[in-house]
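# Structural characterization, general
In case you want the letters, here they are:
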Amino acid sequence: PASFAGRVLCASLPVAAELAGRAGVGVLIAGGQVRAADLACSGPVAEQFFRQYFADKVLLSAAGIHHRAGLTQRLLDDIAVQQVMIEHARECYVLADPASLGRTAVGRVAATGAITAVVTDGSADPAEVRALEQTGVKVLLAQPDPDAD
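### Here's the deal with the pairing of strand E11 (residues 138–142)
- By the bridge criterion, 5 bridges tie strand E10 (residues 117–121) to E11 in an arrangement that is parallel. Looking across to E11, one finds that Asp121 is bridged to Ala142.
- Where the polypeptide runs from E10 across helix H4 (residues 126–134) and back to E11, its parallel neighbour, the crossover connection is right-handed.

If you want it as C-alpha cells, here you go:
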C-alpha cells in the first residue's frame, strides 16, 4: 500500500526503483545475474543475499499455483532464491495472475503448506480457488484500483 514504511529486500530492479522513491521506504537489492527480460536478480549471489536476512512477509510471483503441486516456477534460477525467501519469512504471499491458478510449471518452489495466501483477482476460476482453499491456503481476491493509471 501507499502508506507502507519500512525496509524492502528486493530481487527486481524495476520494483526497487519504484519503491526507492517513496518516503520512509529503504530498499536493499539482491544483486547477482540480472535477466534482460524482467530485470530480476537470480542465481547464487541473489540466493546468498536472501540467506542473510529475515522478513515478516515475502511476496512472490508464480508461474503456477496448484492445489497438489504447490508454488511452481518456469525459470529454474528462481527456485532456490524463492525457497530461501520463504524459509526466511514469517508469511508467504503468492501474487498470482488468474491464469496461473491450477497450473504447474516445471520446478517446484514450495508446497501449499508454506503459503499464507494467494492474491489474485476476481476473474480467477472459482473451482481453482476452492481447490486451493481446501488445502488451507487463503485466497484473497483483489479488487481493481479505480484510481490506478
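Don't stop here, the text continues.
### Overview of the sheet that holds strand E5 (residues 55–61)
- Taken in spatial order, the 4 strands of this open sheet run E5-E8-E10-E11, and their pairing is parallel. The sheet is open, and its two edges are formed by E5 and E11, each paired on a single side. In this sheet, neighbouring strand axes are inclined to one another by 25° on average, regardless of whether the strands run parallel or antiparallel.
- Sitting on the sheet, helix H3 (residues 76–87) touches E5 and strand E8 (89–95), and the angle it makes with E5 is about 150°.

### Quick word on the side chain of Thr120
- Tracing the backbone shows Thr120 in strand E10.
- Side-chain polar atoms of Thr120 contact the backbone oxygen of Ala96, separated by 2.8 Å.
- Those residues in contact with Thr120 that lie beyond four places of it in its chain are Ala96, Asp97, Pro98, Leu101, Val139, Leu140, Leu141 and Ala142.

### Topic: the environment of Arg108
- The residue Arg108 is located in strand E9 (residues 107–110) in this model.
- Linking Arg108 and Thr72, residues 36 residues apart in sequence, is a C-alpha distance of 4.4 Å.
- Ignoring any residue separated from it by four or fewer positions in sequence, one finds Arg108 in contact with Arg68, Ala69, Leu71, Thr72, Ile79 and Gln83.
- Of note is the side chain of Arg108, whose polar atom sits 2.9 Å from the backbone oxygen of Ala69.

### As for the packing of aromatic side chains
- Taken as a whole and assessed by the stated rule, the structure comprises 2 aromatic pairs.
- Taken together, a centroid distance of 4.9 Å and an interplanar angle of 85° make the contact between Phe49 and Phe50 edge-to-face.
- Taking the centre distance of 5.1 Å and the plane angle of 50° together, the rings of Phe49 and Tyr53 count as tilted.
- Grouping aromatic residues by their ring pairs yields a cluster made of Phe49, Phe50 and Tyr53.

### Details of unusual backbone geometry
- Positive phi values are uncommon outside glycine, yet Leu39 reaches one of about 55°.
- Mapped onto the elements of the fold, Leu39 is located in the loop between strand E3 (33–34) and strand E4 (41–42).
- Residue class for Leu39 comes out partly exposed when judged on its relative accessible area of 38%.

### Some words on the nonpolar core
- Phe50, Ile65, Leu71, Ile86, Val94, Leu101 and Val118 are the most contacted members of the largest nonpolar core, which has 30 residues in total.
- The set of elements that each furnish at least two residues to this core consists of helix H2 (44–51), E5, H3, E8, E9 and H4.
- If you tally residues by element for this core, the top one is H3, at 5 residues.
- For Val94, the contacting residues outside a window of four places in its chain are Leu60, Ala62, Leu71, Ile115, Ala117, Val118 and Val119.
- One finds Val8, Ala16, Leu19 and Val25 within the second-largest nonpolar core, a separate group that totals 5 residues.

Quick notes on the rules
- Residues numbered from 1 in each chain as written.
- Predicted model: local features only at pLDDT ≥ 70, side-chain atom pairs only at ≥ 80, totals over all residues.
- Heavy atoms only, no water.
- Pairing = 2+ DSSP bridges.
- Helix = DSSP H or I, 4+ residues; strand = E, 2+ residues; numbered from the N terminus.
- Right-handed = clockwise from strand over helix to strand, strands pointing away.
- Axes fitted to C-alpha atoms, helices over the stretch in contact; angles between N-to-C directions.
- Contact = heavy atoms within 4.5 Å.
- Polar contact = N/O pair within 3.5 Å; in protein donor to acceptor, adjacent residues only side chain to side chain.
- Phe/Tyr/Trp six-rings, centres within 6.5 Å; stacked < 30°, edge-to-face > 60°.
- Buried < 20%, exposed > 50% of the residue type's maximum accessible area, 1.4 Å probe, protein only.
- Core = buried A, V, L, I, M, F, W, Y, C linked by side-chain atoms within 4.5 Å.

Interpretation in functional terms is not warranted from these geometric data alone.
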